[in-house]
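# Structural characterization, general
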Amino acid sequence: MVNLFKYLTYNLLGEKMKKIYLLLLFFLIPLNVSADEINLAENAKSAIMIEATTGEILYKKNEKERLAPASMTKIMSLILIMENIESGKLKWNDIVVTSNYASSMGGSQVFLKPNEIMSVEDLVKAICVASANDATVAMAEKIAGTEKAFVKLMNDKAKELGTVNTNFVNSTGLPAKDHYSTAYDMSIMAKELIRHEKILSFTKIYEDYLRKNTSNSFWLVNTNKLVRFYDYIDGLKTGFTDDAGYCLTATGKKGNMRLITVVMKEDNTDNRTKDTIAMMDYGFNMYSVKNIISKDNKIGNIYINLGKEEYADISSLEDINIVNSNQDNEAKFTYEIETDNVTAPLSKGSVVGKITVYKDGKYFNSSNLIITKNIKKANIVKVFFRNIKDVLVGSM
């Protein structure tokens, strides 16, 4: 909890009280208690902490209470933007023309003018760093034609992710009736967003400039100060309105473990920061991630009917990890593989089966199995001689 202590002693206490406070904390914090008993996010109306690769909940508080998410809404907007970029529908250097409507957005903004031209990359930077409402709407219109049409895509994606307590009315999080989400749902959306790893190169920026080398240069300063002051945090999205209070969905990685935390309806930025640090410190100190199945390792091979090559290596589509409490005994893991009857041609990444992992004999997790390279179809001559060989070997 070093970062929490650092924040508290240097920001909330007088110089003379530092040593006394740290000594008291050492004796007052109980050992071998759960995160819920400690009440890590004591000032938040709602909060959650999850491990990002497994989605396992490490701490929760009123995590399914519907509240206004403010600009954390932009996490969903960014998911759709990143999907469009990674599918090739958008490119980072594509040009976006600002509409009158996008230019008219209030709240956090980078003061886009009507008809101003800006690249997709700069607009994404403006959203991630400055929480720019005008940039968000400009991107929404670029993707869907209108913000209204984009919001429908947002709600469709929310349903696809299984976030049943979320409804969006706009792309920005500006106050609106029936615009709500929960800490739990925001953690699911954050988990989805950081699957697009490129986004973290923007969310970790503390300061930068738009319109560089022009007379209209604009200084961007991240609304999430923890990307500068907490060693492991590299995102993700702040939020504030009078109705929502101070909110923050944060993510950080230490070693091979990435945490996601959400706090909603905090009274001020100090409490928002303190509760986020408390969860991060507890998570990193009390838990670790162990890889059970690596997507980078060969698991076995599979026979390919009519393949130019008869066998192909297979691996898991995803990593399968487990979150261990540093106070728990290690469990025993086993797995079983089921493969399909497949026929060439096949592309690298084609799903050809399933791997199921068991923890102490009980179902734990599963993942699709994929082949690791392209397999071409064998020509008729190769198939003929292969069949002759099989007949001869079978008759021996």
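For clarity, every value in this text was computed on a predicted model and none was experimentally measured.

## Observations concerning the sheet that holds strand 15 (residues 342-343)
The six strands are arranged 14-16-17-12-11-15 in an open sheet whose pairing can be described as mixed. With one partner strand each, in any of the chains shown, strand 14 (333-339) and strand 15 form the two edges of the open sheet. One ladder, built from three bridges, connects strand 12 (residues 311-316) with strand 17 (residues 362-371); its direction is antiparallel. Across the sheet, the residue bridging to S315 is I370, located in strand 17.

## Some details on unusual backbone geometry
Following A344, the chain continues into P345 via a peptide bond in cis, with omega recorded as 5 degrees. Tracing the chain through its elements places P345 in the loop between strand 15 and strand 16 (351-359). Backbone geometry places K265, a non-glycine residue, at a positive phi of 55 degrees. Among the secondary structure elements, K265 is positioned in strand 9 (residues 257-266).

## Notes on the pairing of strand 13 (residues 320-325)
Most of strand 13 is tucked away, with six of its six residues classed as buried. With burial as the criterion, each face of strand 13 is covered, one bearing I320, I322 and N324 and the other bearing N321, V323 and S325. Relative to strand 13, strand 10 (residues 287-293) runs antiparallel, the two sharing six bridges. Residue pairing in the sheet places S288 in a bridge with N324 of strand 13.

## Examining helix 9 (residues 183-193)
Burial within helix 9 is extensive, with nine of its 11 residues counted as buried. When we look at burial in helix 9, the residues that qualify are A183, D185, M186, S187, I188, M189, A190, E192 and L193. Of the surrounding elements, those touching the buried residues of helix 9 are strand 1 (46-51), helix 4 (74-86), helix 8 (147-160), strand 7 (233-241), strand 8 (245-254) and strand 9.

## Digging into the packing of helix 4 against helix 7 (residues 133-144)
Relative to each other, helix 4 and helix 7 sit at 40 degrees, their axes nearing to 11 Å. The angle between helix 4 and helix 7 falls in the class oblique. Helix-helix and strand crossings are classified by hand; for helix 4 and helix 7 the assignment is left-handed. Here K74, S77, L80, I81 and N84 of helix 4 come into contact with helix 7, specifically with N133, T136, M139 and I143.

## Some points on the packing of aromatic side chains
In the structure shown here, the tally under the stated rule is nine aromatic pairs. Counting every residue linked through ring pairs, the aromatic cluster contains Y230, Y232 and F284. We note K64 situated over the ring of Y184; from NZ or CZ to the ring centre the distance is 4.9 Å. Between K198 and the ring centre of W92, over which it is positioned, the NZ or CZ distance is 5.7 Å.

Analysis parameters
Counting from 1, residues in each chain are numbered in the order their sequence is written. Local features in a predicted model are, by the rule used here, given only for residues with pLDDT of at least 70; side-chain atom pairs are given and counted only at 80 or more, and totals for whole chains, interfaces and linings are based on all residues. Computation of side-chain values: all heavy atoms of the structure, hydrogens and water removed. Any two strands with at least two DSSP-identified bridges between them are counted as paired. Helix numbers and strand numbers start at the N terminus; a helix is a DSSP run of H or I with at least 4 residues, a strand a run of E with at least 2. Working definition: with a 1.4 Å probe on protein chains only, accessible area under 20% of the residue-type maximum means buried, over 50% means exposed, and in between means partly exposed. By definition in these notes, contact holds between two residues if any of their heavy atoms fall within 4.5 Å. All axes here are fitted lines through C-alpha atoms, helices being fitted over the stretch that makes contact, and every angle between N-to-C directions spans 0 to 180 degrees. In what follows, roughly perpendicular refers to angles from 65 to 115 degrees, roughly parallel to angles under 35, roughly antiparallel to angles over 145, and oblique to any angle outside these ranges. The handedness criterion is simple: a crossing whose near helix is rotated anticlockwise from the far helix by less than a right angle is left-handed, and one whose near helix is rotated clockwise is right-handed. Centres within 6.5 Å make a pair out of two Phe, Tyr or Trp rings, where for Trp the six-membered ring is used; the pair is then stacked when the planes are under 30 degrees apart, edge-to-face when over 60, and tilted otherwise. Only when the NZ of Lys or the CZ of Arg is both within 6 Å of the ring centre and within 35 degrees of the ring normal is a charge said to sit over the ring.

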